[in-house]
Amino acid sequence: MDRTPSIPKAALWIAGWLALMLIVTVAGREATRDLNVFQIMEVRTILGFFMLYPLIRLNGGFAAMKTSRPLQHIERNLVHYAAQLGWFFALTLIPLAQVVSIEFTMPIWTAILAASFLGERMTVWKTAAIVLGVVGVIVIVRPATGEINPGQMIALGAAVGFGISIAMMKSLTRTETTLTIIFWMQVIQAVVGFIPSLYVWIWPSAYAWGWMVVIAFCGTFSHYCMARAMLYADATVVVPMDFLRVPLTAAAGWLLYSERLDMFTVLGAALILTGNLLNLKAADPVPARVGT
């Protein structure tokens, strides 16, 4: 697999991630009208596995999915699954604005972990991109101030979990193929969520099934896009691009659900875009090769 660093290729794969995550957001809103989150996550994982199977066959079958790092796959996916649950649980305890604001501290944890454990350089430009991104998100969501409550701590824990998951994915890309990473994500999370999903299971309507198929496809291949992006750039370059998901989601909400797009959203989006442009423009023209 070509692992030559390339900012344009990383940006292209992140564009795929952003598009698919936007669709997941809309599909998730529709599916949760009828179904429990545990059930949605389990069906998404199982359907995603079957959608991934043709790629597995084309790339050597299950034999090619063998890994020399099973423990790292298990650790990464346990953290990722717990972070997802924490994020959804926080939505029931605190306002959405607070959840989103806290969630987007995730790149800070990713950057710190990548610099500490993966040997990535924390340059002034990367730091500036993260700072501008965080400020932009805060401007958009305008989180309420007040005492920290359990919901806020859970949301912060989820953000840290997502940061750990991304950093661990970056580590895995040094020795594992993108397909192997996604394969083990599907298998491990299907096993972890099986019993909880049975406990809350109800038979979905045709409407709910349709949205779960969309969630399965976009959820599976969004992670494929993220893992591919990690092949071509440092995590501290890739992750700040995800800040664009906030203004893009706000725009989708305005178009699909008539949610107001105000001046704060526009200003926040401008700050986020500026940070990402600075990060991309100032990236080393010939960065170190990814992997060994």
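What this report covers is the structure whose coordinates are included nearby. (Residues numbered from 1 in each chain as written. Predicted model: local features only at pLDDT ≥ 70, side-chain atom pairs only at ≥ 80, totals over all residues. Heavy atoms only, no water.)

This brings us to the overall build of the protein. Per the secondary structure count, the protein includes 12 helices and zero strands. The secondary structure elements of the protein, listed N-terminal to C-terminal, are α-α-α-α-α-α-α-α-α-α-α-α. Out of the 292 residues belonging to the protein, those deemed buried represent 48%. In the protein, once contacts between residues fewer than 6 apart in sequence are set aside, the share between residues at least 24 apart is 91%. For the protein, the accessible surface area stands at approximately 13900 Å², while carbon and sulfur atoms represent 72% of it. (Helix = DSSP H or I, 4+ residues; strand = E, 2+ residues; numbered from the N terminus. Buried < 20%, exposed > 50% of the residue type's maximum accessible area, 1.4 Å probe, protein only. Contact = heavy atoms within 4.5 Å. Areas by Shrake-Rupley, 256 points an atom, 1.4 Å probe, with all protein chains shown as cover.)

Judged by nonpolar contacts, the single largest core of 37 residues is most densely connected at Ile 14, Trp 17, Leu 52, Met 226, Met 230 and Val 238. Breaking this core down by element, the ones donating at least two residues are helix H1 (7–31), helix H2 (37–58), helix H7 (150–172), helix H8 (178–199), helix H9 (206–232) and helix H10 (235–238). Ranked by the residues each element gives to this core, the list is headed by H9, at 10 residues. If near-sequence neighbours (up to four positions away) are discounted, Trp 17 is found in contact with Ser 222, His 223, Cys 225, Met 226, Asp 242 and Arg 245. (Core = buried A, V, L, I, M, F, W, Y, C linked by side-chain atoms within 4.5 Å.)

As a further point, take the pattern of salt bridges. Think of it this way: side chains of opposite charge can pair up when their charged atoms draw near. Scanning the entire structure with this criterion turns up one salt bridge. In this structure, the salt-bridge partner of Arg 33 is Glu 30, at a minimum N-O distance of 3.2 Å. Using a relative accessible area of 53% as the deciding quantity, one classes Arg 33 as exposed. Glu 30 gets classed as buried once you look at its relative accessible area, which sits at 9%. (Salt bridge = Lys/Arg side-chain N within 4 Å of Asp/Glu carboxyl O.)

A few words now on the packing of H1 against helix H11 (residues 245–257). The N-to-C vectors of H1 and H11 enclose an angle of 45 degrees; their axes lie 10 Å apart at closest approach. Judged on the interaxial angle alone, H11 and H1 are oblique. The way H1 lies across H11 gives a crossing that is right-handed. The residues of H11 that touch H1, namely those facing Trp 17, Leu 18, Met 21, Leu 22, Thr 25, Val 26, Arg 29 and Glu 30, are Arg 245, Leu 248, Thr 249, Leu 256 and Tyr 257. Grouping the amino acids of the contact of H1 with H11 by side-chain chemistry returns eight nonpolar, two polar and three charged. (Axes fitted to C-alpha atoms, helices over the stretch in contact; angles between N-to-C directions. Parallel < 35°, antiparallel > 145°, perpendicular 65-115°, else oblique. Left-handed = near helix turned anticlockwise from the far one by under 90°. Nonpolar A, V, L, I, M, F, W, Y, C, P; charged D, E, K, R; others polar.)

Another point: H8. End to end, H8 covers 32 Å across 22 residues, agreeing with the expected 32 Å (1.5 Å per residue, within 8%). At Gly 193, H8 shows its strongest bend, of approximately 45 degrees, with the proline Pro 196 following within four residues. (Expected span 1.5 Å × (residues − 1). Bend = angle between axes of the 7 residues up to and from the residue.)

What follows concerns the packing of aromatic side chains. Scanning all chains against the criterion turns up 11 aromatic pairs. Look at Trp 13 and Tyr 224: their rings are 5.9 Å apart centre to centre, the planes differ by 70 degrees, and that puts the pair in the edge-to-face class. Taken together, the residues span a long stretch of sequence, with Trp 13 in helix H1 and Tyr 224 in helix H9 at a distance of 211 residues. Through a chain of ring-to-ring contacts, three or more aromatic side chains come together here, namely Phe 49, Phe 50, Tyr 53, Phe 62, Phe 183 and Trp 184. (Phe/Tyr/Trp six-rings, centres within 6.5 Å; stacked < 30°, edge-to-face > 60°.)

Structurally, His 73 is set in helix H3 (residues 70–91). You can call His 73 buried: its relative accessible area is 1%. Side chain to side chain, His 73 and Thr 67 meet in a polar contact 3.4 Å long. For His 73, the contacting residues outside a window of four places in its chain are Thr 67, Leu 172, Glu 176, Thr 180, Ile 181, Trp 184 and Ile 188. (Polar contact = N/O pair within 3.5 Å; in protein donor to acceptor, adjacent residues only side chain to side chain.)

For the rest of this paragraph, the subject is the environment of Gly 210. Mapping Gly 210 onto the fold places it in helix H9. Of the residues examined, Gly 210 reaches a relative accessible area of 36% and is grouped as partly exposed.

Time to look at the environment of Tyr 207. Looking at the secondary structure, you find Tyr 207 in helix H9. Looking at Tyr 207, the relative accessible area reads 43%, which means it is partly exposed. When sequence neighbours within four positions are dropped, the list of residues in contact with Tyr 207 reads Glu 30 and Asp 34. Within the structure, Tyr 207 has its side chain in polar contact with the side chain of Trp 211 (distance 3.1 Å).

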